[in-house]
Amino acid sequence: MGKIPNICDNGLRTRFVGWSLPVALLALSMAGCGRQPAPQQAKPASLVQQAKPAAHAQQVKTAAASQPAIASTVAHPSQWPSVKPAFPPQPKLEHRVHELLSHMTLRQKVGQLIQGEIGSMTPEDLRTYPLGSVLSGGNGGPGGNAAAPAAKWRALIQAYHREAMRPLKKGGVVVPVIFGLDAVHGNNDVVGATLFPQNIALGATHDPDLVRKIGAATALEVRAIGADWAFAPTIAVPQNSRWGRTYEGFSQNPHLVAKLGAAEIEGLQGKPGTPGFLDQDHVLATAKHFLADGGTHDGKDQGDAEISEKVLRDIHGLPYEAAIAAGVQTVMVSFSSWNGVKMSANKSLLTGVLKGRMGFSGFTVSDWNAVGKVPGCTDASCPESINDGMDMLMVPADWKTAFKNLLAQVKSGQVPMARLDDAVSRILRVKLRAGLFKYPQGRPDPVPLSVLGSAAHRALARRAVRESLVLLKNHGGILPLNPHQRILVAGESANSMMRQSGGWTVNWQGTGLKPSDFPGDTTIWAGIRQQVRAAGGHAVLSVDGHYTHKPDVAIVVFGEKPYAEFQGDRDNVAYDYNSGKDLALIKRLRKAGIPVVSVFVAGRPLWVNREINASNAFVMAWLPGSEGGGVADVILRGPKGNVQHDFHGKLPAAWPRTAVQVAQSAADPQYPYGFGLTYEDHDTSGPLPEISDLNGPLIPRDLYMHHGETVGKFKLTIAERAGTPRMVASVPARTPHGAIEVKGIDYQAQEDARQVTWSGQGGTLSIVSPKPLDLQRESNGDVNLVLTLRVDKVPAGTRVEIGVNCSAKSCQARLPFSAELATLKTSGWTRLGVPLKCFDKAGADLKSVTAPLVIDSHGPLQITLNKVQVAYAANETMSCPAH
């Protein structure tokens, strides 16, 4: 790994010229420059003795917390650091690039810039469309099956490689294709692969060597199925725990992110200049997402980083210096914006800073349909982005149209030939470095499938789990537990591989999975049970905490449900929207005289002060992945009473003091960056404050109806044909002439559903938002409007439509709904998903939705609704009608 720049270096101190003295000193202290302040302790500080923080245990306060945003949209490359090249001059390689380029047809050149997705193409398509790359998206899989066996993955990928290398009948040259996928915590798309802890957990280890080994193991498991390219690592620097991708980042500290990110890149690719670099045991890595995806306002995914160029450079740019020095070959550009300008079209950053000043010699790739969010562009046409420095367009579904559009844009001069040749040259350079041209019959796969989930890789993952655990509380030295006791294990996360793995596991959101999707994996409960029984103790699982024989101690394992990207965005950091469900379980056990050790499974620090106070000990386990036995290795003693493994983990991000303390750089956290107890520490900490600072009830942002009632300020309205909408304030309710009637009925509780009956006159039911909703992000993928409903009566011939309304006059979208309801008539209660992208295709302005649900019936109909929300998982998913 090349030297990671340090802001303490004399040459880089100039970065802080013009900053206020407090801000400059703050940033310098974060990097360890000058005199080190005393480590902060959890509050109240005087009550925690001898805690041993990590090297940077002082509270990390980024410049972003204090430096006012400057509305700059154009970067100044000369003010950014240059990076020592990872590669010496390679004249033979460059000659080969030029030679290939000179023999390529225009269609071949254009094709290199397009990346399609396996769900919308076949290997045979490469005969007509010479694409540069193919990917499998988060929900992709051979034959549309995300849970397909590894052998089918390998067969499909090999087919793409063979087709790309098929001899040409006409002019041009044969150019291999690159196959990529999101291997972000192991080869996590493939059933049976080792699932390593998510990045935030690896950040807690503060161990670059461990991360490097995980990168190398991941590369082997990716190569085993024949893929060439991992869309990893994420080197974002998360600054706000509300962000739904917080767990994908290593830390709030850019220096730690730089070290761990560079280490993972070396593990995935090998070290430049060595024989192992991009050999058959390694894959291409991706530094993502350029730039400041972790610094958006309010932590909004795909949002706007309203920060100065200094903060952009010194906080969010720092890990990219390390990544380029480590030889990263691809950079994925962020969905997000910098002061209102989309990163996908910021020439000063893509071309001026990344490729120019930093000397990045690989290629850039857009995120999933991200160029379609650039003003004036569509998913399949964005010459602006290419001209500004995007080398490859990830166009999963509309790749054919994108190919045709780009071909026309090059012919017309809208995309200059020089820019096309530069992008193609970069892609060819990477393919040559990866050795893909060596195999005329397609790349062989010498890595055996048996490497997937191998014992060695599982042992490495289990070590990572052990070393990532952070001990926040250990009153009375209750930990480690004696395994000879009677131990109750409770909580919804105790025996759930989905919960302990999180998003990007088999599918995009990591939801809707079965135990069979995790062969050979170990839940936290299973790991505890194995060790307790081996020691002669007694362990019992009871998710709700009820028991027949009183236990000596209880381990309550609870935490977040799986999510990915914007589906995990939050309005605050109150755990489980402050529902208190798990708190009640802990308190009930304590009231019965049972000591409780809480194990929190989550992708970010959340406000759980009440749960910590109610517990005798509290462990942050993050999202540990497939090897839950690593938790038992640390919290249980060995059979002879020995400490098996001490706590090693230190917080990679500060822990919030209140539910609204969302900035990880807040001045007065509950536990500071770098905090973590060990068994040598004597914990006598007092109660934590239980004031959340929240106002009013907490409502998930994507929930519109729950238990038959609209939530928050959403309103349920009914209207007759050409009539004025009437709000349903209580039930029963009806329109003036009885066209629609609404009454409460029982589903899972008393009157927790609304039965809606349309007479022959027809009419409209709507859920109306108090302010326009922006659902544009959610439409870019497989996110649905999900209705928990029962279809009671749907007479033949009744025309029913489902849709949304939006702000502009006459702005609405309607989809045929009669046939869908008819098929559900015998299904009883179900969760029906209507893809938001269907409304987008039907003409709705999803940036300004005023009614997220409209059901319009033109005849008799009866359905019953319990819940309406925007979500990923559904029992049935409606297909978009052809337009």
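Thresholds, definitions, all that
Residues numbered from 1 in each chain as written. Predicted model: local features only at pLDDT ≥ 70, side-chain atom pairs only at ≥ 80, totals over all residues. Heavy atoms only, no water. Helix = DSSP H or I, 4+ residues; strand = E, 2+ residues; numbered from the N terminus. Rg over C-alpha atoms; globule rule 2.2 N^0.38 Å. Contact = heavy atoms within 4.5 Å. Areas by Shrake-Rupley, 256 points an atom, 1.4 Å probe, with all protein chains shown as cover. Lys, Arg positive; Asp, Glu negative; His and termini not counted. Charge placed at Lys NZ, Arg CZ, Asp CG, Glu CD. Phe/Tyr/Trp six-rings, centres within 6.5 Å; stacked < 30°, edge-to-face > 60°. Buried < 20%, exposed > 50% of the residue type's maximum accessible area, 1.4 Å probe, protein only. Polar contact = N/O pair within 3.5 Å; in protein donor to acceptor, adjacent residues only side chain to side chain. Salt bridge = Lys/Arg side-chain N within 4 Å of Asp/Glu carboxyl O. Axes fitted to C-alpha atoms, helices over the stretch in contact; angles between N-to-C directions. Parallel < 35°, antiparallel > 145°, perpendicular 65-115°, else oblique. Nonpolar A, V, L, I, M, F, W, Y, C, P; charged D, E, K, R; others polar. Pairing = 2+ DSSP bridges. Right-handed = clockwise from strand over helix to strand, strands pointing away. Expected span 1.5 Å × (residues − 1). 1 Å grid on protein atoms, 1.4 Å probe; cavity = no way out; pocket = protein on both sides within 12 Å on 5 of 7 lines; lining within 4 Å. Points joined across faces, edges and corners; volume = space filled by probe spheres on them. Disulfide = S-S within 2.5 Å. pLDDT = per-residue confidence, 0-100. Core = buried A, V, L, I, M, F, W, Y, C linked by side-chain atoms within 4.5 Å.

Asks: Now, about the overall build of the chain: what can you tell me, with residues and values included?
Replies: Broken down by element type, the chain carries 24 helices and 34 strands. Computed over the C-alpha atoms, the radius of gyration of the chain is 28 Å, within 12% of the 29 Å expected from 2.2 N^0.38 for a compact globule of 883 residues. With respect to the principal axes defined by its C-alpha atoms, the chain has extents near 75 × 75 × 55 Å. Sequence-distant contacts in the chain: of pairs separated by 6 or more residues, those separated by 24 or more amount to 79%. Per element, the accessible surface of the chain, about 31,000 Å² overall, is 52% carbon and sulfur. Taken as two groups, the 90 positive and 74 negative side-chain charges of the chain have centres that lie 1 Å from each other.

Asks: Could you give an account of the packing of aromatic side chains, with specific residues and numbers?
Replies: Per the counting criterion, the structure on display carries 20 aromatic pairs. With a centroid separation of 6.2 Å and an interplanar angle of 70°, the aromatic rings of Phe558 and Phe618 are classed as edge-to-face. Of this pair, Phe558 sits in strand β16 (residues 553-559) while Phe618 sits in strand β18 (residues 617-620); the two residues are 60 residues apart in sequence, bridging distant segments of the chain. On the basis of relative accessible area, Phe618 is assigned to the buried category, the value being 0%. Here Tyr747 and Trp829 contribute two aromatic rings whose centre-to-centre distance is 3.9 Å and whose plane-to-plane angle is 20°, an arrangement assigned as stacked.

Asks: Give a description of the side chain of Gln409 that names residues and reports values.
Replies: For Gln409, the position within the fold is in helix α14 (residues 399-412). At 2.8 Å, the side chain of Gln409 forms a polar contact with the side chain of Ser381. Among residues more than four places away in sequence, those in contact with Gln409 are Ser381, Pro383, Gln414 and Val415.

Asks: Tell me about the pattern of salt bridges, residues and numbers included.
Replies: Should the charged atoms of two oppositely charged side chains come close, the side chains can pair. For the structure shown, the criterion picks out 38 salt bridges. Notably, a salt bridge pairs Glu94 with Arg429, separated by 2.8 Å at the nearest N-O pair. With a gap of 335 residues between them, Glu94 in helix α4 (residues 91-103) and Arg429 in helix α15 (residues 417-433) connect regions that are remote in the sequence. The buried category is assigned to Arg429, whose relative accessible area is 13%. Of the charged contacts, one joins Lys213 and Asp209 as a salt bridge, the two residues approaching to 3.4 Å between their closest N and O atoms. With Lys213 and Asp209 both in helix α8 (residues 208-224), this residue pair falls 4 residues apart, about one helical turn. Judged by relative accessible area, which is 37%, Asp209 ranks as partly exposed. Among the charged side chains, a network of salt bridges with common partners joins Lys355, Asp391, Arg419, Asp422 and Arg426.

Asks: Which residues make up the packing of helix α10 (residues 309-316) against helix α11 (residues 318-325), and what values do they have?
Replies: For any two helices packed against each other, the geometry is given by the interaxial angle and the distance between the axes. Contact pair α10 / α11: the axes reach a minimum separation of 4 Å and the direction vectors enclose 45°. Of the possible angle classes, the one that applies to α10 and α11 is oblique. On α11, the residues that touch Arg313, Asp314, Ile315 and His316 of α10 are Leu318, Pro319 and Tyr320. Of the residues contributing to the contact of α10 with α11, the split by class is 4 nonpolar, 1 polar and 2 charged.

Asks: Please give an account of unusual backbone geometry that cites residues and values.
Replies: In this structure, Leu291 follows Phe290 across a cis peptide bond, with omega equal to 15°. Within the fold, Leu291 resides in the loop between β6 (286-290) and β7 (304-305). Of note in the backbone geometry, Asn339 takes a positive phi value of approximately 50° without being a glycine. Note on placement: Asn339 falls in the loop between β9 (337-338) and β10 (341-342). Positioned with a positive phi, Trp504 is a non-glycine residue whose angle comes to about 55°. Mapped onto the elements, Trp504 comes out in the loop between α17 (497-501) and α18 (524-534).

Asks: Requested: an account of the pairing of strand β3 (residues 133-136), with residues and values cited.
Replies: Side-chain alternation along β3 places Ser133 and Leu135 on one buried face and Val134 and Ser136 on a second face that is also buried. Note that strand β2 (residues 114-117) and β3 share 3 bridges and pair parallel. The partner of Gln115 across the bridge, within β3, is Ser133. Pairing analysis gives 4 bridges linking β3 to strand β4 (residues 178-181), with the strands arranged parallel. Bridge pairing in β4 links Val134 to Phe179. Between the parallel elements β3 and β4, the chain passes through helix α6 (residues 150-164) in a crossover that is right-handed.

Asks: Provide a residue-level description of helix α9 (residues 254-269), including the pertinent values.
Replies: With 16 residues, α9 extends 22 Å between its outermost C-alpha atoms, agreeing within 8% with the 22 Å of an ideal straight helix rising 1.5 Å per residue. The buried count for α9 comes to 15 of 16 residues, which makes it a mostly enclosed element. You can read the cap of α9 off the contacts: a side-chain oxygen lies 2.9 Å from the backbone nitrogen of His255, and it is on Asn253.

Asks: Lay out the layout of surface pockets with the relevant residues and their values.
Replies: Looking at the largest pocket, its volume works out to about 1,400 Å³. Lining the largest pocket we find 39 residues, and of these Lys561, Pro562, Tyr577, Lys867 and Gln869 sit closest to its centre. For the lining of the largest pocket, the secondary structure elements donating two or more residues are α17, α19 (581-591), β20 (703-706) and β33 (861-871). Sorting elements by how many residues they give to the lining of the largest pocket places β33 first, with 4 residues. The class makeup of the residues in the lining of the largest pocket is 15 nonpolar, 10 polar and 14 charged. The calculated volume of the second largest pocket comes to roughly 1,100 Å³. Lining the second largest pocket are 47 residues, and of these Trp368, Asn369, Pro396, Asn780 and Gly781 lie nearest its centre. Those elements that provide at least two residues to the lining of the second largest pocket are β6, α22 (776-779) and α24 (836-841).

Asks: Account for the state of the cysteines, with residues named and values stated.
Replies: Under the counting rule described, the total for this entry stands at 3 disulfides. Paired through a disulfide, Cys806 and Cys811 show a sulfur-sulfur distance of 1.8 Å. The chirality of the disulfide connecting Cys806 with Cys811 is left-handed, given an S-S dihedral of about -80°. Summarising the burial analysis for this pair, Cys806 and Cys811 share the class buried. What pairs with Cys838 in a disulfide is Cys880, and their sulfur atoms sit 1.9 Å apart. In this structure, the disulfide formed by Cys838 and Cys880 twists by about -85° around the S-S bond and is classed as left-handed.

Asks: An account of α6 is requested, with residue identities and associated values reported.
Replies: Given 3.6 residues to a turn, an α-helix orients residues that are three or four positions apart in the same direction. Given a rise of 1.5 Å per residue, 15 residues ought to cover 21 Å, and the 21 Å separating the end C-alpha atoms of α6 matches this to within 8%. Three or more residues of α6 are buried, namely Ala150, Trp153, Arg154, Leu156, Ile157, Ala159, Tyr160, His161, Glu163 and Ala164. Of the surrounding secondary structure, the elements contacted by the buried residues of α6 are β3, β4 and α8.

Asks: Pulling in residues and values, what's your account of the confidence of the model for the chain?
Replies: Per-residue confidence for the chain averages 91 on the pLDDT scale, and 92% of its residues sit at or above 70. Counting interchain partners and residues more than four positions distant, the pLDDT-below-50 stretch residues 1-69 has 158 contacts.

Asks: Break down the nonpolar core for me, citing the residues and quoting the values.
Replies: Residues Leu349, Leu479, Phe600 and Phe839 are the most contacted members of the largest nonpolar core, which totals 254 residues. Considering every element that reaches this core, the biggest residue donor is α9, with 8 residues. In this structure, Leu479 is in contact with Leu471, Asn474, Val597, Ala617, Val619, Ile635, Phe647 and Tyr679, ignoring residues within four places of it in sequence.

Asks: Describe the pairing of strand β25 (residues 740-745), naming the residues involved and giving the relevant values.
Replies: In this sheet, β25 lies alongside strand β24 (residues 733-734) in antiparallel orientation, the contact comprising 2 bridges. Residue Arg734 lies in a different strand from β25, and its bridge partner there is Glu741. Between the antiparallel neighbours β24 and β25 lie 5 residues, among them Gly738 with a positive phi of about 75°. Across 6 bridges, the pairing between β25 and strand β26 (residues 753-758) is antiparallel. The residue of β26 that forms the bridge with Ile745 is Ala753.

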